[in-house]
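What follows is each chain in one-letter form.
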Amino acid sequence: MTTVYNFNAGPSALPKQVLERAQAELTNFNGTGMSVMELSHRSKEYEAVHQGAIDLLKELYNIPDQYKVLFLQGGASLQFSMIPLQFLKEGKIGNYILTGSWSEKALKEAKLLGETAIAATTKEGQYKTIPDASHLQFNENDAYVHLTSNNTIYGTQWSSFPDITHAPLIADMSSDILSRPINIEQFGLIYAGAQKNLGPSGVTVAIVREDLLDTNVDQVPTVLRYKTHADANSLYHTPPTFSIYMLQQVLTWVKEQGGVEAIQALNEEKAKLIYDAIDESNGFYKGHAEKDARSLMNITFNLPTEEDNKKFLAKAKELGFIGLNGHRSVGGCRASTYNAVPIEACLALRDLMDSYRKHN
Ligand SMILES: *Cc1c(COP(=O)(O)O)cnc(C)c1O
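The protein chain carries the name Phosphoserine aminotransferase in an unreviewed UniProt entry, which gives Halalkalibacter kiskunsagensis as its organism. Note on the protein chain: under the UniProt heading Subunit (unreviewed entry), the record states "Homodimer." Heading Function (unreviewed entry) of the UniProt record for the protein chain holds this comment: "Catalyzes the reversible conversion of 3-phosphohydroxypyruvate to phosphoserine and of 3-hydroxy-2-oxo-4-phosphonooxybutanoate to phosphohydroxythreonine."

Okay, here's the thing in structure tokens:
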């Protein structure tokens, strides 16, 4: 089999050890004689997987007791609607910080359901930066403030989060959850589709502060209330059992790597290899993000011309590098270096970038 270096933006690389373990127990999970996919979601064998994933995430991410970990469906995209449905009461404002396409999409859904505001936007500068925390515009009646912690498409990331006290801070962490330690207590709600850093697609993780669960429940369809899932420990209806099993395997792997701090150190090392290749190229490669806003997860860059981008991407593809094309909305190149992308892949990309530059 040929080696491939998977830099896909999502769904993306999974740890090889996780895939091998899943393969080894695919047809006989834990002595049941069945696949985990075939178990009842009410069985004790499945419940151990389900609770195991919740407990591991709490442990790895230092989640305080007053927060619930929920497993939801509909992707991060359904959260764009679930949040205003739940929290955007009459007379309140959903306040959004715009740092890229995903935050724009979140705002678009809130606009369908209530009053919104823009606390800050970096759109005028092609989303190359993260707003200055001291320049955010708040309103007395903000229902919440929403941000996107990592901008998957533009390749920018909040390096620290604003301290917001007048309303709950809500964060879409789809593309950087569990990539670095965070202070959960700065947030009312964190959500993430699993398919970048946590596992395969199909499950969305939400971490929600308990006191928010009772907000506005009577007007919200049952399955779209956070409380419904919190009260049932995310077993109100059939959960995506295989995705949650894979999530539990990925979390086990994170623990084996030494936890979130160790993962962060490795992520920094991985990203530095590629950013150095950009910075030491005498302008041959140009990063999209301003240096102080650079993402450790999605590294976006361009060659001198669109033609050069195409040629570089074709060469990379030929050599087994997968997923280096920029998002269709922005073009250029993007290397997604999520938790499960091995450092060997980043070393190989660094070498490719260096040698390609020297020959062109
Ligand atoms: C991928 C992504 C999404 C979309 O997630 P789905 O699970 O496909 O709905 C939303 N926000 C961010 C930041 C993402 O990276």
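## Re the packing of helix H1 (residues 16-24) against helix H6 (residues 241-256)
Two numbers describe how H1 lies on H6: the axes approach to 9 Å, and their chain directions differ by 135°. Comparing their axes, H6 and H1 come out oblique. At the point where H1 passes H6, the crossing takes the right-handed sense. Contact with H1, carried on its side by Gln 17, Val 18, Leu 19, Arg 21 and Ala 22, involves Tyr 245, Met 246, Gln 249, Val 250, Thr 252, Trp 253 and Glu 256 of H6 and no other residues of that element.

## With respect to the domain arrangement of the protein chain
Each assigned domain of the protein chain is listed with its residue range as follows: domain 1 (17-256) and domain 2 (259-359). Each partner contributes residues to the interface: domain 1 has 27 residues there, and domain 2 has 24 residues. Carbon and sulfur atoms make up 58% of the area that domain 1 and domain 2 hide from each other, which totals about 2,100 Å². When residues of domain 1 are sorted by the area they lose upon contact with domain 2, Lys 128, Ile 153 and Gln 157 head the list and together hold 25% of the total. Among the elements that take part in the side of domain 1 that touches domain 2, H6 stands out by supplying 3 residues, more than any other. Partitioned by chemical class, the residues of the side of domain 1 that touches domain 2 number 11 nonpolar, 11 polar and 5 charged.

## Re the packing of aromatic side chains
In the structure shown here, the tally under the stated rule is 17 aromatic pairs. Ring geometry for Tyr 285 against Phe 312: centres 5.9 Å apart, planes inclined by 65°, an arrangement best described as edge-to-face. Taken together, the residues span a long stretch of sequence, with Tyr 285 in the loop between helix H7 (259-279) and strand S11 (286-287) and Phe 312 in helix H8 (residues 306-318) at a distance of 27 residues. The residues Tyr 285 and Phe 312 share a single accessibility class, namely buried.

## Re the site of the ligand
Near the ligand you find 13 residues, and of these Ser 77, Thr 152, Asp 172, Gln 195 and Lys 196 are the closest. The side chain of Thr 152 places a nitrogen or oxygen atom 2.5 Å from an oxygen atom of the ligand. Gln 195 is positioned with one of its side-chain polar atoms (N or O) 2.9 Å from an oxygen atom of the ligand. In isolation the ligand has 390 Å² of accessible area, and contact with the protein removes 87% of it. Sorting elements by how many residues they give to the shell around the ligand places helix H3 (residues 75-87) first, with 4 residues.

## Some remarks on the packing of H3 against helix H4 (residues 101-111)
Each pair of packed helices can be summarised by the angle the axes make with each other and by the distance between the axes. Running from amino to carboxyl end, H3 crosses H4 at an angle of 40°, the nearest separation of the two axes being 8 Å. As summarised for this structure, H3 and H4 are arranged oblique, according to the angle between their axes. As H3 packs across H4, the resulting crossing turns out to be right-handed. Seen from H3, the contacting residues are Ser 77, Phe 80, Ser 81 and Pro 84; seen from H4, they are Trp 102, Lys 105, Ala 106, Glu 109 and Ala 110. Residues belonging to the contact of H3 with H4 are distributed by class as follows: 5 nonpolar, 2 polar and 2 charged.

## Regarding the sheet that holds strand S3 (residues 93-98)
The 7 strands are arranged S2-S10-S9-S8-S5-S3-S4 in an open sheet whose pairing can be described as mixed. With partners counted over all chains shown, the strands left at the sheet margins are strand S2 (67-72) and strand S4 (115-121), one partner each. Neighbour to neighbour, the strand axes of the sheet diverge by 20° on average, direction disregarded. Where S3 and strand S5 (residues 142-148) come together, 4 bridges link them in parallel fashion. When the sheet's bridge partners are listed, Ile 93 is paired in S5 with Asp 142. Across the face of the sheet, helix H2 (residues 44-60) comes into contact with S2 and strand S10 (204-209) while running at roughly 135° to S2. Docked against the sheet, H4 engages S3, S4, S5 and strand S8 (169-172), running at close to 165° with respect to S3.

Calculation rules
- Residues numbered from 1 in each chain as written.
- Predicted model: local features only at pLDDT ≥ 70, side-chain atom pairs only at ≥ 80, totals over all residues.
- Heavy atoms only, no water.
- UniProt positions renumbered as here; feature names shortened; annotations may be inferred.
- Axes fitted to C-alpha atoms, helices over the stretch in contact; angles between N-to-C directions.
- Helix = DSSP H or I, 4+ residues; strand = E, 2+ residues; numbered from the N terminus.
- Parallel < 35°, antiparallel > 145°, perpendicular 65-115°, else oblique.
- Left-handed = near helix turned anticlockwise from the far one by under 90°.
- Contact = heavy atoms within 4.5 Å.
- Domains from an automatic or database assignment.
- Buried area = accessible area lost by both parts, 1.4 Å probe.
- Nonpolar A, V, L, I, M, F, W, Y, C, P; charged D, E, K, R; others polar.
- Phe/Tyr/Trp six-rings, centres within 6.5 Å; stacked < 30°, edge-to-face > 60°.
- Buried < 20%, exposed > 50% of the residue type's maximum accessible area, 1.4 Å probe, protein only.
- Near = heavy atom within 4 Å.
- Polar contact = N/O pair within 3.5 Å; in protein donor to acceptor, adjacent residues only side chain to side chain.
- Areas by Shrake-Rupley, 256 points an atom, 1.4 Å probe, with all protein chains shown as cover.
- Pairing = 2+ DSSP bridges.

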